[in-house]
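Here's the letter readout for the chains.
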Amino acid sequence: MKVYNSPVWVGIALIVIIVIICLTFTLRVTWWSYIDVFFFFMAAFCQLIAVTLGVKIPQVGAKLSMIAFLCAVLGIIALIGEAIAWNIAA
């Protein structure tokens, strides 16, 4: 069983991301510091919907999985960009 195709594991990942957003809310003082968690949230959410809808409409599931992958890649790029920005600003 693939973890990214399991609604339970993707749901757990979504809950973990929401908890991380809540726990790091006071540490994020600028608007652009939310970009990485936004993309990670969107990746988990789109994958959860893809797994759910992919059973009945495989084309929609495939498109949403691609969007989820793209959001995950953008989240990693944003995380690296934020680390660079915080190190330059500090």
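To be clear, the structure that these remarks concern was listed above.
This one's a predicted model, so the numbers in the text were calculated from it and none came from an experiment.

Rules used throughout
- Residues numbered from 1 in each chain as written.
- Predicted model: local features only at pLDDT ≥ 70, side-chain atom pairs only at ≥ 80, totals over all residues.
- Heavy atoms only, no water.
- Phe/Tyr/Trp six-rings, centres within 6.5 Å; stacked < 30°, edge-to-face > 60°.
- Buried < 20%, exposed > 50% of the residue type's maximum accessible area, 1.4 Å probe, protein only.
- Lys NZ or Arg CZ within 6 Å of the ring centre and 35° of its normal.

Asker: Mind showing me how you'd approach the packing of aromatic side chains here?
Answerer: The description of an aromatic ring pair rests on the distance of the ring centres and on the angle between the ring planes. Scanning the model with the defined rule gives four aromatic pairs in all. Judged by centre distance (6.0 Å) and plane angle (50°), the ring pair of phenylalanine 25 and tyrosine 34 falls under tilted. Here phenylalanine 25 falls in the exposed class, since its relative accessible area comes to 52%. The class of tyrosine 34 is partly exposed, set by a relative accessible area of 24%. Between the NZ or CZ atom of arginine 28 and the centre of the ring of tyrosine 34, over which it lies, the distance is 5.9 Å.

By themselves these figures say nothing about function.
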